[in-house]
Every structure is written in C-alpha cells, then in structure tokens.
Amino acid sequence: MPEAVIRTVGLGKSYLTAAGSFPALKDVDLSIASGEFVAIMGPSGSGKSTFMNLLGCLDTPSSGDYFLVGRNVAHLARDELAALRNRCIGFVFQGFNLLPRMSLEDNVALPLVYAGCRREERRQRARRELARVGLADYAGARPNQISGGQQQRVAIARALVNSPQLILADEPTGNLDSHTSAEIMGLFADLNRQGISIVLVTHESDIAACAARQVRFRDGLLVSDEPTGKATAC
Amino acid sequence: MLKAMLGEAWQAMGANRLRSGLTMLGMVIGVGSVVLMLAIGQGAQYSVAQTISTMGSNLYIVISGSTSAGGLRSGSGGGPTLTIGDAEAIAELDGVANVAPVQQGTQQLVHGPNNWSATVVGTTPPYLDARAWTLQSGYPFSDSDVRAATRVALIGQTAADNLFPNEDPLGKTLRIRQSPFVIIGVLARKGQNLDGRDQDDTLLIPLTTAQRKVFGNPFPGSVRMIMVQATSAEAMPAVEASMVALLRQRHRLREGQDNDFYLRNLAAAADSAAETTRVMSLLLGAIASVSLLVGGIGIMNIMLVSVTERTREIGIRMAIGARQRDILAQFLFEALMISVAGCLIGLLIGVGGALLTNALTDMVIVISGTSVLVAFAVAAGIGIFFGYYPAHRAAALDPIEALRHQ
Ligand SMILES: Nc1ncnc2c1ncn2[C@@H]1O[C@H](COP(=O)(O)OP(=O)(O)O)[C@@H](O)[C@H]1O
Ligand SMILES: [Mg+2]
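Residues numbered from 1 in each chain as written. Chains lettered and ligands numbered in written order. Predicted model: local features only at pLDDT ≥ 70, side-chain atom pairs only at ≥ 80, totals over all residues. Heavy atoms only, no water.

A.B. asks: For this particular structure, what's the right way to read the overall build of chain A?
C.D. replies: When helices and strands are tallied, chain A shows seven helices and 10 strands. Rg of the C-alpha trace for chain A: 17 Å, near the compact-globule value of 17 Å for 234 residues, within the 12% margin. By principal-axis analysis of the C-alpha atoms, chain A measures approximately 50 × 45 × 40 Å. By the burial criterion, 55% of the 234 residues in chain A qualify as buried. Accessible surface for chain A amounts to roughly 9900 Å². Of this, 48% is attributable to carbon and sulfur atoms. Within chain A, the 24 negative side-chain charges are centred at a point lying 6 Å from the centre of the 25 positive side-chain charges. (Helix = DSSP H or I, 4+ residues; strand = E, 2+ residues; numbered from the N terminus. Rg over C-alpha atoms; globule rule 2.2 N^0.38 Å. Buried < 20%, exposed > 50% of the residue type's maximum accessible area, 1.4 Å probe, protein only. Areas by Shrake-Rupley, 256 points an atom, 1.4 Å probe, with all protein chains shown as cover. Lys, Arg positive; Asp, Glu negative; His and termini not counted. Charge placed at Lys NZ, Arg CZ, Asp CG, Glu CD.)

See the structure below:
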C-alpha cells in the first residue's frame, strides 16, 4: 500500500473563546492515499474549515498528530510550516484570494518567489500553469478584468505552480453559479486523473458526487466516511 | 528574490501615489533641512576658524595697568607700567616664541589729496610672526630700523586701497602728523577679525618711531602693551604662570599686592568663538533632526495603516508559503524605499538650498561629503527603525485570521 499523503491520528483542535475552550474538532482519524479525491461535507460550523486549516498547515492541532507524506508536522515551527505550504500543498479558496494589484501571471508565479526561483523560471512555469487551466491569453490581465470562474482557474493555476502532491479546496465553488461550478469541478477531476490528491470541502451533494470518497463531519466529529462508488469523477 | 521584492515594493508605492508622496515629503523636508542646516553651521565654523587663523595663534596681550603710588590709582593704562625691558625679559622665558611691544592708535594718514584714518601700530619685527602677517610685496622693517627710529611703514590692503587708489603704494611716501614715512612693504590681505573689525585697515611702523614721531611718549622706555606668542597651545599655561611671576618680580610687587598689568588670553577668546559656532551648528542640526524624526513617525504611521489595509494580502502570501521573514522584509523594504527616495530628493533640495543661500547671501556654506553621507545613513536608519514595528506586526499575523480579514 502506498504511503498516505495525509494521515491524522486523534487530531483535535480547541479554540479559546470568551466562554472558555471550545472543541471545534475532536479526535479525527483519517487517512487519504496518494491520488485520492475526497469530498468533505457537513453542516455549517461542523469543523470542516478547522480540519482543512490543519491539513493545510495553516494551523497546528491542540491534540493528536498529523502526518503529511509520512512526516509528523503537528509540532513544526511557523516557518517550517510555511515551507511545507509552499512546496507540498496548493490552496484554492472560496473567495479566490488573488492579489488585485498584480497581473494574473504574477499572481500565479508568487509561490515561486517564496520558493526562491529565478525570474525567467517563474515566468515560464506561471505561463505553463495558466495554459493548463485554459487562460494562456490572459497572462497580463488583472484579476478584476476577468470573471469569477476565470479567477478561480487562476487560483488553481497558482495552487499548481509549485507542483504539489495535494490540493486543498475549501468550498471552491461557493461563489460560483452552477454552470461555472461544473467547469471548475471538471478541472479538478482532470488534475485528479493526472495523479494529484484533492481534498475539497462542499455542502452541495452534486459537487461532492464528483469525488470518489465522501467524509462527513458533525459537531467536530468525523461521523461517516464512505466511497461514492464513482471510479472517476464527473 | 531581491529584485522581485524591490519591484513589489515599487508597485505598492505606486498603488497609492498621493499617500506615498506625502509620506515621502516628511523625509524630504527632514533631510533637506538637516543638510541645509549642517551646511550653514559648518560654513560658520569654517569662517570662524579661517578668521582665527588670520589673527595669530597662542597669543597673550599684556596691558600695562594702573600704577599705584601712595594709594593713588590712575585708570587702566594711565601711566604705563610695562617697559621695553619687560618685553626683552619675557622673550627669554621658556615656551615663548615671539614677543613684541606695541604702541597703537588711530591716526590720519595723508598721501597727496587723499587722507584716510587707520590703526597705526608701532612695534618690533617679531610682531609680524606673532600676528601671522605676511607681505604681499616689499620687505619688513628690521631691528636696526627700530633702533634708529627710521620712518618706514608696512601698509595694510584697506589703507592702501584708500590712500593709493590706482597706484602701487610700494616705495611711495605718506604722512602722519607731517612726518613722512616711506612704504617699504605691502601686507597681504587678512579680512575681518572675530569682532568684525577690518584687520587690513592698518599701518605698521617701528615702535621707536611711533613713540617719538606719532604718539609722543612722555615716559621713555615704557610701553602700553606687549604681545606674547607661546610656542604651542600646550605651552600657554606655563608661559602665563612664569610671565606673571617674572613681571611681579620685575615690578617689585609684594605678596598680596595686585598685579599692575592685565593679561588677556587671545587664544581663549578664539576658542570660545569656535565653541560658540560649534554649539550653534549642533543646535541647527538638532532642530533640523526633529523634522527628520517627524518624517520617520509619518512613515511608521503610514506603514501601520498599510499593514491593516493589506491584512488579507498578507494572509494570502502566508498561505502560499511566505515565511515570517519574507513578510517582514517586504514591509521593511517599502518603508526603506520611501525613506531613501525621500532622502535623495531631500538631499537635492538641501544642497540646492545651500548653493542658493551661498549665491544670494554672503554666508559661507560648507557642504561636506560626510554630512551628505550622514544624512543618507540616518534616513535609511529611520526607514528601518520606524518601518520595523509595522513590518513586525505584519509578519506576526496569524495566517488564518489574516485570510479571514475583509
Ligand atoms: N478562530 C476561532 N475562534 C473560535 N472559534 C472558532 C474559530 N474558528 C472556528 N471556530 C468555531 O469552530 C467551529 C467550527 O468552525 P469551522 O471549522 O469554520 O466550521 P465549518 O467550516 O464547518 O463551517 C464553529 O463553531 C466556529 O464558530
Ligand atoms: Mg467553513
């Protein structure tokens, strides 16, 4: 059996609030193999984003362990986590999160700046990823000059530019109409077929249906984990 | 990486031109005024130093005081208590370079139809060295001129210009109180002294001639003033002490009796003038520095606003792999860029203002490379100092909180 991209053991996260410690995530054991496409579902406030932030090394757990490609990253320092986010993980957000002052090409190339790539290499790779999401002609445009669906494509290109093994997407279609959503899901399915592991949060069942495996959260607990029966997405 | 960051800092500055420009203006004014004030201050120091060097260094003037005979005191210099013999004795002391007895006063000089009133100084040859006089042409009078009380004179530039408007005074004759004097030398120009008096409005003649023909001395062998030059500044305290002891002994003053002469230390006066201008230029610089400080605070203020406005951007950058030091560097760079750009413009304006001041007034302006370098270093320092706190705040943001920021 190949090494799991993601393996959590008793993962928990509590937030300190005015009312005291609030457990947003409790004792989650989950393993995701390389090349899987997993949808995470659950009602609002059930801890999905909390879980994704932990998977994405944006936050550290209060308890338990998290193995990313075999390495326990639960207790790493901030800058080590930043390096992991840069090299191993691609993020796609609900709100696209492009930098408005930069051209699309520069947006896509930004992770490479922090990876220490040279300018020419940054340019080439950014253009390649833009072409991969079908936006080769928009390299010089600004985010506010293109549609929401196109912006999300640029965000995906940015997530891909450092060739990560894992893409994490927290409600990537939450701001898009159903037609555009389907297009974006098609793109994710394509990337998954190319071998990239994808973990995607959604509360729309037709979006979740694209994934081969569905995980459900309720009140911070992992309550169900079952295959959708689909071999390939959408 | 560095180039990418420079480009981004430039872009960030360009994104809000008015704001960056106004922030920069604070630095422009700060650096500009520091450079200008330093230039004026150093100019003043320079011209005072210049003046001091023309007055002769390490000088004492011994002035004859009141004779007290039978409890009767006449005023300062009333009856001269100093003698030529005193001057000769002082010259024998250790650490004394030059001694010149002096009898001086204002006299009317006449040449043909021109007449001009100038300070006439009767003295001996060492006076030239003591007062740092050099000759532009001709030659100085000698000890034998003093002994023989010849009627020769050395003329200063101002007196020469007024008495001999269109001719070379060398070899010409002028009259003082009907006595003809032959001009054997023309003194090189010195300019004003520290009190603002024109040092070139003068005529030097042998002491003996001055006493007999010009001022008339009812007390032969006595003199009102002796100029004493020490060999070095370090030698001055010792020279002063031995000079006082010598004169008291020669004048047969008993213990407890007041000196019958006054001692003026010209070096001390020069030092205090130099000190005054030094303090003045420091003060000017300090006042100007306050505006630099205000400029720095302006940068800090704007950077704090910028960090708050761009919280989400910071979150995004962190999510895609920016380390804390990357964020820190980014905002430090922006602060540095504003302050250094402001500094460059400020330097131009400061130097321009200094040159303009130089052109429009007769103030001496000195722009030294060091002051320019210091202004530049201080501005860069201010950029880093006042940029650090906002940049540190940006770098310390929590990525998730920052991403959630609207
Ligand atoms: N920073 C935080 N501080 C306190 N409570 C939080 C914080 N983030 C999330 N929570 C709480 O944790 C629970 C799970 O939140 P979240 O993971 O965002 O849910 P979901 O993404 O499934 O809607 C919610 O009750 C939320 O209010
Ligand atoms: Mg959520």
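A.B. asks: Which parts of the structure should I look at to understand the packing of helix α3 (residues 84–91) of chain B against helix α8 (residues 236–250) of chain B?
C.D. replies: The geometry of a pair of packed helices is captured by two quantities: the angle between their axes and the separation between those axes. Residues and elements named next belong to chain B. With their axes 10 Å apart at the nearest point, α3 and α8 run at an angle of 140° to one another. In the crossing of α3 with α8, the sense of the turn from one axis to the other is right-handed. Across the interface between the two elements, G85, D86, A89 and I90 from α3 touch M243, L246, L247 and R250 from α8. For the contact of α3 with α8, the per-class residue count stands at five nonpolar, one polar and two charged. (Axes fitted to C-alpha atoms, helices over the stretch in contact; angles between N-to-C directions. Left-handed = near helix turned anticlockwise from the far one by under 90°. Contact = heavy atoms within 4.5 Å. Nonpolar A, V, L, I, M, F, W, Y, C, P; charged D, E, K, R; others polar.)

A.B. asks: Explain the nonpolar core here, please?
C.D. replies: The nonpolar side chains of soluble globular proteins are, as a tendency, buried together. All names here are of chain A. I6, F51, L68 and V199 are the most contacted members of the largest nonpolar core, which has 73 residues in total. Contacts of F51, omitting those with residues within four sequence positions, involve T8, L11, L25, V28, L30, I40 and F217. Of all hydrophobic cores here, the second largest spans 40 residues; its members include L98, L112, L135 and I196. (Core = buried A, V, L, I, M, F, W, Y, C linked by side-chain atoms within 4.5 Å.)

A.B. asks: Explain the environment of A9 of chain B here, please?
C.D. replies: Residues and elements named next belong to chain B. Inspection of the secondary structure puts A9 in helix α1 (residues 2–15). Here the alpha-carbon distance between A9 and F331, two residues 322 residues apart in the chain, equals 7.8 Å. Excluding its chain neighbours within four sequence positions, the residues that come into contact with A9 are F333, E334 and M337.

A.B. asks: Just checking my understanding: could you explain the site of ligand 1 for this structure?
C.D. replies: What surrounds ligand 1 is a group of 14 residues, the closest being G45, G47, K48, S49 and T50 of chain A. Residues lining ligand 1 come from chains A and B. Between an oxygen atom of ligand 1 and a main-chain N or O atom of G45 of chain A, the distance comes to 2.7 Å. Between ligand 1 and S46 of chain A there is a distance of 3.3 Å, counted from an oxygen atom to a backbone nitrogen or oxygen. When the free accessible area of ligand 1 is taken as 560 Å², the share hidden by the protein chains comes to 70%. Going through the elements one at a time, β1 (4–17), β2 (20–33) and α1 (48–55) of chain A together with α13 (399–404) of chain B are the ones with two or more residues in the shell around ligand 1. Looking at the shell around ligand 1 element by element, the count peaks at three residues for α1 of chain A. Looking at the shell around ligand 1 residue by residue, the classes come out as four nonpolar, seven polar and three charged. (Near = heavy atom within 4 Å. Polar contact = N/O pair within 3.5 Å; in protein donor to acceptor, adjacent residues only side chain to side chain.)

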